[in-house]
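A closer look at the structure
Chain by chain, the residues run as shown.
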Amino acid sequence: MKKEATANLNNSDSGKDDYISRSKQLLNKYKVKIGDSVKLISNKGDYTGIIMPRYESFNDNYVVIKLNSGYNIGISIDNIINITSEKLSETSVNVSLNPVKTDEPHNGKFVLTKGINHDIKKPLLSSSLPKILLLTTGGTIASKIDYRTGGVTSILNASDLYSIFPEISNYASIYPEFLFNEYSENLYASHWSLLSERISYAVLHEQFDGIIVSHGTDTIHYTSSAMSFALQNLSIPVVLVGSQRSSDRPSSDAFTNLLGAIKFITKTNYAGIFVCMHHTSSDETIACHIGTRVRKNHTSKRNALQSLDHFPFALIYDSDIVCNTDLKRINTRNNISKNLISKTSFDDRVFLLKFYPGFDPSFLECFSNFKYRVIILEGTGLGHVNKNCFPYLEKLIDSGIVIFMTSQCIYGRVQMTVYDTGRDLLDLGVIPLSDMSSETAIVKAMWALSNSSNKKELVEIMRTDLSNELSNTSPLIS
Amino acid sequence: MILMKFDFDSLKVKVGFEIHQQLDTKNKLFCNCKCEEANGSYDNNFIRILRPTKSELGNFDRAAIFEHTKMNTIKYYSKVGLSCLVEADEEPPHDVNRSALETVLLFSLALNSNIVDEIHVMRKLVIDGSNTSGFQRTMLVSTGGNLKVDGFRKIGVQSICLEEDAAKLLPHSKLYKEYGLDRLGIPLVEIALEPISGKPDEIVNVALTLGRLLRSSKRVSRGLGSIRQDVNISVNDGKVVEVKGVQQLSQLVKVLDYETKRQYGLIKIAEEFEKRNIDDGFIGDRIQDITYLFKDSSSTILKKILKDANSILLSIRLRGLNGLIGYEPINGIRLGKELGEFVRFFGLGGIFHSDELPKYGVTVKDVENIKELLGLSNSDAFLIIGGNEKKINIVLEPLIRRIREFKHGVVAETRSATMDGSTIFSRPRAGSSRMYPETDILPIPVESVLLDDLKQKIPLSWNDLIRQIMKKYELNIKLSEHIFDSQYYDIFEKIVSTSKNITPTFIASKLTEDVVSLSRNNLDKSLLTDDILIEVFDNLEKGFIAKESVTLIFEKIMKKESKSVKEAINSLNLIKINDDELHKILDKILNDNAHVIKEKGINSIGALMGKSMIMLRGKVDGYKINEYLKQKIERFINDEFFK
Ligand SMILES: [Zn+2]
């Protein structure tokens, strides 16, 4: 599934990186390249078809061709007697490469220029439909497959998007814009900065009714948390959308999730950061989650994203949206975009440490060799770790590292006053984070570290509810 | 017009087979679920929407979109153990089932087919809902090769593929299309043969031979529906029509016959188009809404259509086609019938045309009104379609295009076989463009070590296998073939292995001849489950019932008069009686009929036998009664003599 998760943007005409050494030499020898129609003679039989690209991770001993029947087969290099180009360049297909990971080293900083579509600064076209900015960051919402070659490419313009999802033109005018293209596990805090700056720009200077961010699902909840802290008092809804099945499949959940986000933006009156994904395995109901209260709880199911401790903020049905407003900090849509508090920097000197039975406390000594300023300690149950850790934790706190406690239980609240262990940890200076999830806590800590001037302020920020990441009441959910 | 005589022999009919056979593996092709029927006992369901993709149906996009809007919501039913997240398209497929792959490699070896060096799993787009993913996973294992068939020298093999079976369509509501996931993912081998010419029975023999080759591996499933044929048929080098879903050889003969006739009829219709110089522009050059004409019509069919407020009636002018829509160049094949089928595919009820009107409550006056509206001359024809306006708008363009295509005779399309052996339109033929790689599964290299190992396991040829069965079970050739071709071979072997007192010949003949003759009387042989068969022969083995009773019990169960073997035995009063009782009964018969014996001597045995059988049928073997009676009569005569 991973391989098709991200579109590759380079339409290569050489294929030089797809075949390595042996097979590449062979193709060179017969003067043929990827996309050529060829007749291949092997000592088992003759095949006619098109030479296809090969994943770099596959071994090097085969040439792949697509037969006229549409089937791909691999032919062992050792069996190949001859390859001849069937027809010359005119039939040579421009084969888009299968998606490959980009190996470009990430230097940790982006320059905020390449994403912005300056055309949208001027007043938008007069269409009466709501206008939505669609920022793509590497999710599978907007990609299309070349059925001839199997390659996946990103959709970068509105007409392509409408041709794949014609129904959305009934609901809104969509302005797709490419921001970056990464598997979501490859994101850094600097990507969050870039994304939040772009959104901030759109809110302040452009006139959208809402923004949709297409995003890989693996870390969508980290990004939604990051946006929730970086962009407060938003005047419009910003909805992150992912899909668990890529959009080149007839069974993709991309469209229903996207449509759910569009409906939420166009038919409700709320502003803030949200995440839209399937509510169940069925293509029926889309859940709209609060950006700080959502977590990916399944590796592959459509309803992998779930709200923690609270109901999803909204359930989007076919013709109806039911909102659940038990959380305090939900803004309604307004025209006062200047109220936006935009603090888009993050400091990644935060470590997430999961405690487990058998954990060797002396490991904690190694933090003296690193630059970390904050540790999110994911304890057991109500917020506990083995008492043997206490002296080491005390040493770390004395050295200036701030230690917050979250629970590995996923659901529920850290309550360190119930047992001795918790009380002792409190005495050491470990700070409980109530019902904030570990994932949200680490993102918030990165943001708070960058946007506070001292330890006291940092702790104050961490313990104050800014974006529904902390709640006083846990509703009864069956 | 005169019905032309249909001369099969003068036509050049080419038939290509694609056989789909379920493999008898423990687990599915891409997950660990069991390959079993849920028999309706589903425990979960979910709803999905499949979206058409542009290229799947080529230029027939509108039909795909229509199918999508008509039945876009699909409900799937699952059962724990028989389907998991893989079938639900909620988890990537696992690695290919090695045992299934080995079986297909064995078939490739047996058919001298060239096995590819590296197998690539592909996705073949299918959006009718039969696959949760919207595609069927399939892989080409080998190309080329040949099948030896008596009467033909050798028949070329085109390709051998391993693929996953589709979900099973359930009877569904208007709201959703409904499928059961138990069948989805069961491994199938697909073998495509080169097109051949021949008489239907010769062609059936090819299918039979291929089926036997697969079964002789003992690695394929044998129940009803476990083998399906797709047949590609062309007449006189015309376009190839693919007929899907032929399940039985008897049905195949009928399908071949029907489809040949149909294509022949279409060629004849095209000749008429040619004679009349029908130009594309003649077809549908005027289309008129005639809903208002029938506002107060008394026709029940039209009333039914117009009951829906959004329904309309359209008339379509077809210049130069007068007499041609009802023209029947061969029995049962008419342009009108083809068009009716075509619009039914789009969810309309059918069509009316000028060659059949006035009829169905459409009056002479109505016909005249339409002719006037459309400006029809005597050589012109018209068509009426009616239904929901949206549907009509969708069907109109493909319908007109379809009528124009009659000029070219046969159109390349996919049809499905009906149970009565005819074929109906199902969709245009799909091209190779609907295949793309399954990126979730790595390519599978076929190691030569594995092939060397498999070469030792190539299944016996049919003839060798039959010889082996004859020898092992002491069956004659006919019975060996029958039992192996029947669905009961596995159970036959099982019963034989536990029987000491019953001969294999007896078991085989009961399972073939007797079951066949019972099912000829429209009795349901599917009621004879494996468990029931085992129980019947077990009763015989233990001497509880007589040989004669076996067929009686089969009949009782197939008639649904008894639900269990026990019930059948009781209701037929079949419990075998012991010798003491038998002697008592026979002695009584002898005494009661003493005068007959005195009169006829030993020849009275016939009459006494008849009387005994009435009382003892099914409880004692007939030969035994005969034997005892003979002894008793002889003794009786003897005693009389010396009295
Ligand atoms: Zn499964």
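Rules of the game
- Residues numbered from 1 in each chain as written.
- Chains lettered and ligands numbered in written order.
- Predicted model: local features only at pLDDT ≥ 70, side-chain atom pairs only at ≥ 80, totals over all residues.
- Heavy atoms only, no water.
- Helix = DSSP H or I, 4+ residues; strand = E, 2+ residues; numbered from the N terminus.
- Buried < 20%, exposed > 50% of the residue type's maximum accessible area, 1.4 Å probe, protein only.
- Contact = heavy atoms within 4.5 Å.
- Buried area = accessible area lost by both parts, 1.4 Å probe.
- Salt bridge = Lys/Arg side-chain N within 4 Å of Asp/Glu carboxyl O.
- Polar contact = N/O pair within 3.5 Å; in protein donor to acceptor, adjacent residues only side chain to side chain.
- Nonpolar A, V, L, I, M, F, W, Y, C, P; charged D, E, K, R; others polar.
- Pairing = 2+ DSSP bridges.
- Axes fitted to C-alpha atoms, helices over the stretch in contact; angles between N-to-C directions.
- Left-handed = near helix turned anticlockwise from the far one by under 90°.
- Phe/Tyr/Trp six-rings, centres within 6.5 Å; stacked < 30°, edge-to-face > 60°.

1. Considerations on the environment of Gly361 of chain B
Residue and element names in this part refer to chain B. Within the fold, Gly361 resides in the loop between β18 (351–353) and α7 (364–374). On the accessibility criterion, Gly361 (36% relative accessible area) is partly exposed. A C-alpha to C-alpha distance of 58 Å links Gly361 and Ile569, two positions 208 residues apart in sequence. Look past the residues within four positions of Gly361 in its chain and what remains in contact with it is Ser297, Ser299 and Asp366.

2. Focus on the interface of chain B and chain A
Across the boundary between the two partners, chain B contributes 49 residues, which contact 48 residues of chain A. Buried area between chain B and chain A, both sides added, is near 3900 Å², and the carbon and sulfur share of it is 51%. On the chain B side of the contact with chain A, Arg51, Glu90 and Asp117 of chain B bury the most area, a combined 19% of that side's loss. Remark: the boundary between chain B and chain A carries six salt bridges. Between Asp89 of chain B and Arg249 of chain A there is a salt bridge, with the nearest N and O atoms lying 3.4 Å from each other. The tally of links between chain B and chain A comes to 23 residue pairs in polar contact (both at pLDDT 80 or more). Taken together, the elements giving at least two residues each to the side of chain B that touches chain A come down to β2 (44–49), β4 (114–115), β6 (121–125), β7 (135–143), β9 (154–164) and β22 (435–437) of chain B. Broken down by element, the residue count for the side of chain B that touches chain A peaks at six residues, all from β7 of chain B. Class assignment for the residues of the side of chain B that touches chain A results in 23 nonpolar, 13 polar and 13 charged. In terms of strand pairing, strand β4 (residues 72–76) of chain A meets strand β5 (residues 118–119) of chain B through two bridges, oriented antiparallel. Bridge pairing in β5 of chain B links Ile73 of chain A to Ile119 of chain B.

3. Concerning the packing of helix α8 (residues 438–450) of chain A against helix α9 (residues 455–462) of chain A
Residues and elements named next belong to chain A. α9 packs onto α8 with a crossing angle of 140° between their chain directions and a minimal axis gap of 10 Å. Crossing hand, α8 versus α9: right-handed. Residue-level inspection shows Ala441, Lys444, Ala445, Trp447, Ala448 and Leu449 of α8 in contact with α9, the latter providing Leu458, Ile461 and Met462. Residue composition of the contact of α8 with α9, by class: eight nonpolar, no polar and one charged.

4. Remarks on the packing of aromatic side chains
Residue and element names in this part refer to chain A. Taken as a whole, this structure holds 26 aromatic pairs over all chains when the rule is applied. Look at Tyr356 and Phe359: their rings are 5.5 Å apart centre to centre, the planes differ by 90°, and that puts the pair in the edge-to-face class. The exposure class of Tyr356 is partly exposed, given its relative accessible area of 43%. Every member of this aromatic cluster is reached through a ring pair, and the members are Phe351, Phe355, Tyr356, Phe359, Phe363, Phe367, Phe370 and Tyr372.

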